[in-house]
Amino acid sequence: EPEVTQTPSHQVTQMGQEVILRCVPISNHLYFYWYRQILGQKVEFLVSFYNNEISEKSEIFDDQFSVERPDGSNFTLKIRSTKLEDSAMYFCATQTTNREQYFGPGTRLTVT
Amino acid sequence: AQSVTQPDIHITVSEGASLELRCNYSYGATPYLFWYVQSPGQGLQLLLKYFSGDTLVQGIKGFEAEFKRSQSSFNLRKPSVHWSDAAEYFCAVVPFTGGGNKLTFGTGTQLKVEL
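These notes cover the structure that comes with them. A quick note: this is a predicted structure, and the numbers were derived from the prediction, not measured. (Residues numbered from 1 in each chain as written. Chains lettered and ligands numbered in written order. Predicted model: local features only at pLDDT ≥ 70, side-chain atom pairs only at ≥ 80, totals over all residues. Heavy atoms only, no water.)

Check the secondary structure of chain B and you find 0 helices and 12 strands. Reading chain B from its N terminus to its C terminus gives the helix and strand order β-β-β-β-β-β-β-β-β-β-β-β. For chain B, the C-alpha radius of gyration of 14 Å lies close to 13 Å, the compact-globule estimate for 115 residues. Within chain B, the fraction of its 115 residues that count as buried is 46%. For chain B, long-range pairs separated by at least 24 residues make up 54% of all intrachain contacts whose partners lie at least 6 apart in sequence. With the model as given, the accessible surface of chain B reaches about 5400 Å², and the carbon-plus-sulfur share is 48%. Of the charged side chains in chain B, 9 are positive and 9 negative; the average position of the first set lies 7 Å away from that of the second. (Helix = DSSP H or I, 4+ residues; strand = E, 2+ residues; numbered from the N terminus. Rg over C-alpha atoms; globule rule 2.2 N^0.38 Å. Buried < 20%, exposed > 50% of the residue type's maximum accessible area, 1.4 Å probe, protein only. Contact = heavy atoms within 4.5 Å. Areas by Shrake-Rupley, 256 points an atom, 1.4 Å probe, with all protein chains shown as cover. Lys, Arg positive; Asp, Glu negative; His and termini not counted. Charge placed at Lys NZ, Arg CZ, Asp CG, Glu CD.)

As structure tokens, then:
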């Protein structure tokens, strides 16, 4: 069964550093999402991406965040200058046209 | 305000007992409704969904959910729980109109299964 994959599984970085989280979507999916889950809190939407552009973003997704699909397969989330409060589990999700989103296993980001 | 509520933060059941996890939503029009499960260290797995039609929907792993418009609820059920069902369960919605396709999640219910 096809699945969404994410790398790395765990990333530790120092405050102020840039990080790139990577996702490989299911091959025929067209919509891509990033969500995050701060420890002990609910899963929150960050951004959606369709047809090579952002279709929607949340208030959390400020100028420090960016997304792209550099090679037509990987879908990346970049955080330019990490803050302590960016520590969270980041999930990639992908979807066809049927509104069913399939999630990857997540990347645990720890900012020290 | 639009919201998804899971009233129970923790639930403990004995293996073999029945299970019901509650989910209520507050939206102008009935949203698209989902249940996801998150096992420790794992991502979110889609259990089932409701878009329209039959109000009792069947999902994977023996789960089912019933949509009740009058109660704005979409409760998840399982007749007989297995120890491997211990996990966190999230109700989620996508608004029927506007709001794109983003999922809005409830706060989750942590299920513990006693042997």
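From this point, the narrative continues.
With that out of the way, let us pick up the sheet that holds strand β8 (residues 75–79) of chain A. All names here are of chain A. Overall, antiparallel pairing links the 4 strands, which are arranged β1-β3-β8-β7 in an open sheet. Among the strands making up the open sheet, the edge pair consists of β1 (5–7) and β7 (65–68). Geometrically, the sheet is characterised by an average inter-axis angle of 15° between neighbouring strands, direction not taken into account. For β1 and strand β3 (residues 19–24), the ladder comprises 3 bridges, and the chain directions are antiparallel. (Pairing = 2+ DSSP bridges. Axes fitted to C-alpha atoms, helices over the stretch in contact; angles between N-to-C directions.)

What follows concerns the interface of chain A and chain B. Contacts between chain A and chain B engage 17 residues on the former and 20 residues on the latter. Buried area between chain A and chain B, both sides added, is near 1700 Å², and the carbon and sulfur share of it is 55%. It is Lys 42, Arg 99 and Phe 103 of chain A that lose the most area in chain A upon contact with chain B, and together they represent 35% of the buried surface on that side. Scanning the region where chain A abuts chain B turns up 2 salt bridges. (Buried area = accessible area lost by both parts, 1.4 Å probe. Salt bridge = Lys/Arg side-chain N within 4 Å of Asp/Glu carboxyl O.)

Turning our eyes to something else, we now look at the nonpolar core. Grouped together as the largest cluster of nonpolar side chains are 27 residues, with contacts concentrated most on Leu 19, Trp 35, Leu 47, Leu 48, Phe 74, Leu 76 and Tyr 89 of chain B. Those elements giving two or more residues to this core turn out to be β2 (10–14), β3 (19–21), β5 (32–38), β6 (44–50), β8 (64–68), β9 (73–78), β10 (87–94) and β12 (109–114) of chain B. The element best represented in this core is β10 of chain B, accounting for 4 residues. Excluding residues within four positions of it along the chain, Leu 19 of chain B makes contact with Ile 11, Val 13, Phe 63, Leu 76, Arg 77, Lys 78, Val 81 and Leu 111 of chain B. With 22 residues, the next largest nonpolar core counts Val 4, Phe 75, Leu 77 and Cys 92 of chain A among its residues. (Core = buried A, V, L, I, M, F, W, Y, C linked by side-chain atoms within 4.5 Å.)

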